[in-house]
Amino acid sequence: MKILITNFHRGDGGGHTTYITALVMAFKEKHDITVIAPKTSRLYQTLSVFSGVRVIAHDFKGALLKTLGDVVSFRALLRRENFDVVHVNGSVDHRLCFLAAVTLGSRRPAIVFTQHNDKEINSLGVWIRARFGTTKVICVCDNSKRKLGKSPFSQCDITRIYNGVDVDRFSPPSADEVERNRAHWIGSTHSGKLVIGSNAGTAEYKRWMDMVEAVAMLPHNLRRQVVVMVAGLLPPKSDLAKVHQLGMGQNVVFTGLLQDVYPFITTLDIGFVLSSGVETISFACREMMSTGVPVIVSNSGGLAENVEHGVDGWIVPVKSPEAVSSILKRVLMNRYSLIPMRHAARYRAVSSFSLRDFVSNTESVYLDARNAALNAAGN
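Quick notes on the rules
- Counting restarts for each chain, with residues numbered from 1 along the sequence as it is written.
- With pLDDT at 70 or above as the cut-off, local features in this predicted model cover only qualifying residues; side-chain atom pairs require 80 or more to be listed or tallied, and sums for whole chains, interfaces and linings still use all residues.
- Values shown for side chains rest on all heavy atoms present in the structure; no hydrogens or waters enter the calculation.
- Only DSSP runs of H or I reaching four residues or more are called helices, and only runs of E reaching two or more are called strands; each is numbered from the N terminus.
- We call a residue buried when its accessible area falls under 20% of the maximum for its residue type, exposed when it is over 50%, and partly exposed in between, using a 1.4 Å probe and counting protein chains only.
- Side-chain atoms alone can form a polar contact between residues adjacent in sequence; in general such a contact is a pair of N or O atoms within 3.5 Å, and within protein one must be able to donate a hydrogen while the other accepts it.
- When checking whether two residues touch, look at their non-hydrogen atoms; a contact exists if any pair is within 4.5 Å.
- In this description, strands pair whenever DSSP reports at least two bridges between them.
- With the strands aimed away from the viewer, a crossover counts as right-handed if its path from the first strand over the helix to the second runs clockwise.
- UniProt positions are given in the numbering used here, feature names are shortened, and annotations may be inferred rather than shown by experiment.
- Remark: nonpolar core denotes a set of buried residues (Ala, Val, Leu, Ile, Met, Phe, Trp, Tyr, Cys) joined through side-chain atoms within 4.5 Å.
- Start and end points for every domain follow an automatic or database-based domain assignment.

Looking at an unreviewed UniProt entry, one finds the chain named Glycosyl transferase family 1 and attributed to Neopusillimonas maritima.

Now the structure itself:
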């Protein structure tokens, strides 16, 4: 198949970048793959170095009037390349592809849309895209599928495909790796401490501050046994000031944005993703669990679908540092309880977070979408 994959993120792109990169690396030897993304994006920069995939720079415009200015050139691209499938990953790129393709007649490609976030989608624009500009829909968790079933996309064919991670790459580290990486990230001053961390990022909705507050609630003799690590863009100065106001300045380590999160994950005893919105299934959660790290997740979006409470992780209410603190207190009183949970987290990842299933199920959607588009053109 000839496939175009689009993404509008200008910067890191988070899970979108991970999602598209995994698909491209799996498909590039089998299908003709083109990716369109802003030149400033991590997706563009990551994929540009690989052979077998063409990457085109395009700065998607969010506003409708600016989008209309791009329609002519994008329509020319679709007509010239004659793609079988266009896979869009957000409302901005979906809108442009729909407007560019709508007048192509029999040469119109199938449009597959993946819903990556947990936002409400019931606007007139969504109804138009669902009715006239969508062949198939992919959602990444059951929670999203339920929401989509109550949205304008309910009239489309919706398939739930869980995000997969490379369980071979994200595998439990050796003791030497752990020691070496901890020395790099936290040094000797935190030797022997319980290391809690997240590679989910520092956006406000990620609620990483809830973990800082949870540790601050612990009795002093327990709090001094904990270090919190947070990977991602450095938070604003106001958040850094709050960390110090909580007396947690010596307990929290910010790594900045990482190109490779695996060494960071290997330092962790416990992971966390405490989002209060937007989140669906979380690649970060799945990467940590695959590495053998049990994860505390909030009951937001599809996060709870990752773990079995008390077995390979924990589920807490949204915005509940008190619940998180209670879990940490129990763990600190019995650190050996983490051993079976680490094994269980790894087992769940290997058995349920398969990259193979993620790729093959997505390819099946592409095939069905292409065939549907061909049948529609024939009619």
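Trainee: Would you explain the side chain of Glu279 in this entry?
Mentor: Examined against the element boundaries, Glu279 turns out to sit in the loop between strand E11 (270-273) and helix H12 (283-290). Under the relative-accessibility criterion, Glu279 is labelled buried at 9%. A distance of 2.6 Å separates a polar atom in the side chain of Glu279 from a polar atom in the side chain of Ser275. With near-sequence residues (within four places) excluded, Glu279 lies in contact with Asp118, Tyr205, Lys206, Val273, Gly301, Gly302 and Leu303.

Trainee: Honestly, the pairing of strand E1 (residues 2-6) in this entry has me stumped. Any pointers?
Mentor: Looking along a regular strand, one sees side chains alternate from face to face of the sheet. With five of five residues buried, E1 lies mostly within the body of the structure. Burial along E1 is two-sided: the face carrying Lys2, Leu4 and Thr6 and the face carrying Ile3 and Ile5 are both buried. In the sheet, E1 pairs with strand E2 (residues 32-37) via five bridges, with the strands oriented parallel. Within the sheet, the bridge partner assigned to Ile3 lies in E2 and is Ile33. In this view, the connection linking E1 to its parallel neighbour E2 by way of helix H1 (residues 14-27) has right-handed handedness. When E1 meets strand E4 (residues 85-88), the two strands line up parallel, connected through three bridges. Within the sheet, the bridge partner assigned to Ile3 lies in E4 and is Val85.

Trainee: Sorry, what's going on with the UniProt feature "domain: Glycosyl transferase family" (unreviewed entry) in the chain here?
Mentor: Taking the UniProt record as the reference, the feature "domain: Glycosyl transferase family" (unreviewed entry) is found at residues 195-348. Regarding residues 195-348, the helix share stands at 38% and the strand share at 18%, and the terminal C-alpha atoms are separated by 22 Å.

Trainee: Whenever I open this one, the nonpolar core confuses me. Can you help?
Mentor: A general trend in soluble globular proteins is that nonpolar side chains are found buried together. Grouped together as the largest cluster of nonpolar side chains are 62 residues, with contacts concentrated most on Tyr19, Val24, Val35, Met229, Phe264 and Tyr366. Counting contributing residues per domain, this core is built from domain 1 (2-164 + 355-378) and domain 2 (175-353), each supplying no fewer than three. Once you skip the residues sitting within four places of it in the chain, Tyr366 turns out to touch Met1, Ile3, Ile5, Leu23, Phe27, Val85, His87 and Val112.

Trainee: Even after reading the chapter, I still don't get the pairing of E11, so can you show me in this structure?
Mentor: The side-chain alternation of E11 yields two buried faces, one formed by Ile270 and Phe272 and the other by Gly271 and Val273. Note that strand E8 (residues 194-198) and E11 share two bridges and pair parallel. Opposite Gly197, over in E11, you have Gly271 as the bridge partner. Looking at chain direction, E11 and strand E12 (residues 295-298) are connected through three bridges and run parallel. Bridge assignment links Gly271 to a residue of E12, and that residue is Val295. Handedness of the crossover joining E11 and E12 through H12: right-handed.

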